[in-house]
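Structure at a glance
Chain by chain, the residues:
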Number of protein chains: 2
Amino acid sequence: MTRLDERGERWMVGRIQRLLGDRTVGDDTAYIPWGRDYLLATTDATTIRTHYPWHSPEAWGWYVAAVNLSDIACKGGEPLGLLLSLLLPRETEVATVEGIMRGAKRCCARYGTKVAGGDTKEGREICLVGAAFGRVGRAEFMPRGGARPGDILALTGTLGAAASGYIALQEGVTGPGLRGEERRLLRPYPRVFEGRAAARTRAVHACTDLSDGLLASVHQLCLPSGVGAEVMWEAVPVSAALRRRGQATEEWALGFGGDFELLMAVPPGRFDKVRRAVRGKGTRLTAIGSVRRERKVELVGRGWRRPLKYGGWEHFRGGG
Amino acid sequence: MTRLDERGERWMVGRIQRLLGDRTVGDDTAYIPWGRDYLLATTDATTIRTHYPWHSPEAWGWYVAAVNLSDIACKGGEPLGLLLSLLLPRETEVATVEGIMRGAKRCCARYGTKVAGGDTKEGREICLVGAAFGRVGRAEFMPRGGARPGDILALTGTLGAAASGYIALQEGVTGPGLRGEERRLLRPYPRVFEGRAAARTRAVHACTDLSDGLLASVHQLCLPSGVGAEVMWEAVPVSAALRRRGQATEEWALGFGGDFELLMAVPPGRFDKVRRAVRGKGTRLTAIGSVRRERKVELVGRGWRRPLKYGGWEHFRGGG
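The rules behind each value
Along every chain, residues carry numbers that run from 1 in the direction the sequence is written. To label them, take the chains in the order written and letter them from A, then take the ligands in the order written and number them from 1. Given that this is a predicted model, residues contribute local features only at a pLDDT of at least 70 and side-chain atom pairs are listed and counted only at 80 or more, while totals for whole chains, interfaces and linings are drawn from all residues. Each domain span listed reflects an automatic or database assignment of domains. Any two residues are considered in contact once their C-beta atoms, placed from the backbone, lie within 7 Å. We count a stretch as a helix when DSSP gives it H or I for four or more residues in a row; a strand needs E for two or more, and each element gets its number in order from the N terminus. Multiplying one less than the number of residues by 1.5 Å gives the expected span of a helix. We call a residue exposed when 12 or fewer other C-beta atoms sit within 10 Å of its C-beta, buried when the count reaches 20 or more, and partly exposed for counts in between; the C-beta positions come from the backbone. Directions pointing from the helix axis toward each C-beta atom define the arc. Any nonpolar core is a set of buried residues, restricted to Ala, Val, Leu, Ile, Met, Phe, Trp, Tyr and Cys, that join up through C-beta atoms within 7 Å. If DSSP finds at least two bridges between two strands, the strands pair. For helices, the fitted line uses only the C-alpha atoms of the stretch in contact; every axis is such a line through C-alpha atoms, and the angle between N-to-C directions lies from 0 to 180 degrees. To line up the copies, we fit them by least squares on C-alpha atoms, keeping just the residues with pLDDT of at least 70 in both. The sense of a crossing depends on the near helix, which, turned anticlockwise from the far helix by less than a right angle, makes the crossing left-handed and, turned clockwise, makes it right-handed. Side-chain classes are defined by residue name, with Ala, Val, Leu, Ile, Met, Phe, Trp, Tyr, Cys and Pro counting as nonpolar, Asp, Glu, Lys and Arg as charged, and the others, Gly among them, as polar.

Notes on the domain arrangement of chain A
When the parts of a complex come together, some accessible area is lost, and that lost area is often taken as the interface size. All names here are of chain A. Along its sequence, chain A is carved into domain 1 (19–137) and domain 2 (152–307). Computed over C-alpha atoms, the centres of domain 1 and domain 2 are 22 Å apart. Listed by partner, the interface residues are 20 residues for domain 1 and 18 residues for domain 2. The leading source of residues in the side of domain 1 that touches domain 2 is helix α4 (residues 57–73), at 10 residues.

Here it is as structure tokens:
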């Protein structure tokens, strides 16, 4: 008998895809034809222990809403609602449950949507399971696996704010003590408006979000597209907070997750159009590399290049 | 500080509704306008410990799919997909995960839909959280709170098969040893086809499913409708299995859940039309009582009548 911790999450997801006969299961978000649109549907489960021991209940609620909305954002969708299931030990304080719901409500409201339903059941530990759904025109839909050789790899915002917040916590700062963009570790802002704006240009070949960090996301874009990529280290926009800490390293900027930016593959001739659309939402879109035929991912600096393996955090096994 | 086990699930759901400013949250299913249709979305969380210690992994998967599809069925919806989040201890056998997915896949396939996505995360105990979504024309939608005085209360199928299976288990029969309709305890059949057929008549004022037993469901239909009801004990169709066991009591037939039938409120003049539509799917629809203005629920027999309190199983507190 094989156990999960011998194989890890990615192996298990592959097995489930084969069992279901559907390679798109395990993608960020399901998309189901509905007239001229797609219905988008996604779910993300989080346990307090693994995901955010430092958060307040309100930050837990915000976080689970945000990660689910981010999966709608990376498809270019308009969010239509969030379902929130809570597993709670029976000794949980009522105030904790109310904090969670308040956080989820606030995050949804910021993105023009709401908590539409949910379920509460008894469990051994606090688990928050969100499911978000949304809507996108079929012609605007941004798949994960559509990147083509020659496309520009483009990134919204900067990388490393969440990593910087994490370093601060390791150094003894408490959750409420986080300042500036480091607060995004606890309160990420999914790129819902930017995703919609980019999708409306109909110029984006592929898109995914950065929940597991840039390196994982580049692989998650390239694998289903059947392509490889070069990422230019000097071009990656690193957050000011991480630079101030003197920690603008590959490990922290590219390997650590939690920033919830969007990574897109865009044909060069249409990059300016997409960049303008995203800038219209107050966010910079930066070219950080390119897609190529050869199926490997490399990080390129001044005078060096190095293969990047598909590593990063993995459930049931831990870091890798 | 107040704890959940001092208040119970229903009290907490009421608090959450007020906090969200939305009385429809806590209903079976959210409904979101989409052109001339509603998008239906629902989530149900289950832990192995509370819900089905006797099941096989495949039966767990079937069960979580079934309870979610039942929430689509009671709105008259066509199911469009199921998301399935699994929380799993890291020592879980791979075969267990595959069994769960296979069961969910089979249940979805039976109802013309599929597992469209999901998430797997590490947790302290096995939890299965499903989210189902579906579609229904606005004119066909069956709300929970639309019952009107004078409506017939109508029930699909029979009550007590799951209760009878539960009694068998208490008497030492193992899960795989259950026979005939008692197997429905482990493998409920949500009334998806019957719900669609009833909805298409556009004659149903209100509908809910029976996950928590008939008594709870009558209250769940009456409360948001602002009405009361009489249930005729002699008219309730009790399953042959429960009768054979000599346990066709109110407690087992009306108080125990797990049958996943549909309870509808239908105006008398249109009852025959709805009954024919449901019979077209091979299922009997039985008139078991009536809706009335006075806001209390009573059980009526030959020569007696008794108020029925809103009791039944409640999470965080247990039975009551």
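That shown, we press on.
Examining helix α2 (residues 9–20) of chain B
With 12 residues, α2(B) should cover 16 Å at 1.5 Å per step; its first-to-last C-alpha distance of 16 Å lies within 8% of that length. Looking only at α2(B), the buried set comprises Glu9(B), Met12(B), Ile16(B) and Leu20(B). The buried residues of α2(B) occupy one face: seen down the axis, they fall within an arc of 70°. Packing partners of the buried residues in α2(B) comprise α5 (94–110) and β4 (115–122) of chain A together with α1 (4–7) of chain B. Note on α2(B): the residue one or two positions beyond its end, Gly21(B), has a positive phi of about 65°.

Thoughts on the nonpolar core
With 200 residues, the main nonpolar core has Ala104(A), Leu263(A), Met264(A), Ala104(B), Leu263(B) and Met264(B) as its most contacted residues. Setting aside its immediate chain neighbours within four residues, Ala104(A) contacts Gly61(A), Trp62(A), Val64(A), Ala65(A), Leu82(A), Leu84(A) and Val115(A).

A word on the sheet that holds strand β6 (residues 152–156) of chain A
All names here are of chain A. In spatial order, the strands read β7-β9-β6-β10-β8-β11-β12; together these 7 strands make up an open sheet with mixed pairing. One side of each edge strand has no neighbouring strand; the edge strands of this open sheet are β7 (206–209) and β12 (304–307). Neighbour-to-neighbour, the strand axes of the sheet open up by a mean angle of 25°, direction not taken into account.

A word on the relation of the copies chain B and chain A
Take chain B, turn it by 180°, move it 0.0 Å along the axis, and it overlays chain A with an RMSD of 0.0 Å. As the rotation angle and translation indicate, the two copies are arranged about a two-fold axis.

With respect to the packing of helix α7 (residues 192–200) of chain B against helix α11 (residues 271–279) of chain B
Residue and element names in this part refer to chain B. Between α7 and α11, the shortest axis-to-axis distance is 8 Å and the interhelical angle comes to 145°. Between α7 and α11 lies a crossing whose hand is right-handed. Where α7 approaches α11, its residues Glu194, Ala197, Ala198 and Arg200 are matched on the opposing element by Val274, Ala277 and Val278. Split into classes, the residues belonging to the contact of α7 with α11 amount to 5 nonpolar, no polar and 2 charged.

A look at the sheet that holds strand β5 (residues 127–137) of chain B
All names here are of chain B. Spatially, β1-β2-β5-β3-β4 is the arrangement adopted by the 5 strands of the open sheet, whose pairing is mixed. Across the chains shown, the open sheet's two edge strands, defined by having one partner strand only, are β1 (30–34) and β4 (115–122). If you compare each strand with its neighbour and ignore which way they point, the axes differ by 15° on average. The strands touched by helix α5 (residues 94–110) within the sheet are β3 (78–88), β4 and β5, with β3 carrying the most contacts at an inclination of about 170°.

Describing the interface of chain B and chain A
On the chain A side, the residues contacting the 60 residues of chain B number 60 residues. Elements with a minimum of two residues in the side of chain B that touches chain A: α1, α2, β1, β2 (37–47), β3, α5, β4 and β5 of chain B. For the side of chain B that touches chain A, the class distribution of residues is 28 nonpolar, 15 polar and 17 charged.

Quick look at the environment of Arg106(A)
Of note, Arg106(A) is situated in helix α5. In the structure, Arg106(A) is positioned 48 residues away from Glu58(A) in sequence and 9.1 Å away in space, judged by C-alpha atoms.

Here's the deal with the pairing of strand β2 (residues 37–47) of chain A
Residue and element names in this part refer to chain A. In terms of burial, β2 is a largely internal element, 11 of the 11 residues being buried. With burial as the criterion, each face of β2 is covered, one bearing Asp37, Leu39, Ala41, Thr43, Ala45 and Thr47 and the other bearing Tyr38, Leu40, Thr42, Asp44 and Thr46. What sits between the antiparallel neighbours strand β1 (residues 30–34) and β2 is a turn of 2 residues, in which Gly35 has the positive phi angle 60°. Looking at chain direction, β2 and strand β5 (residues 127–137) are connected through 11 bridges and run antiparallel. Bridge pairing in β5 links Leu39 to Arg135.

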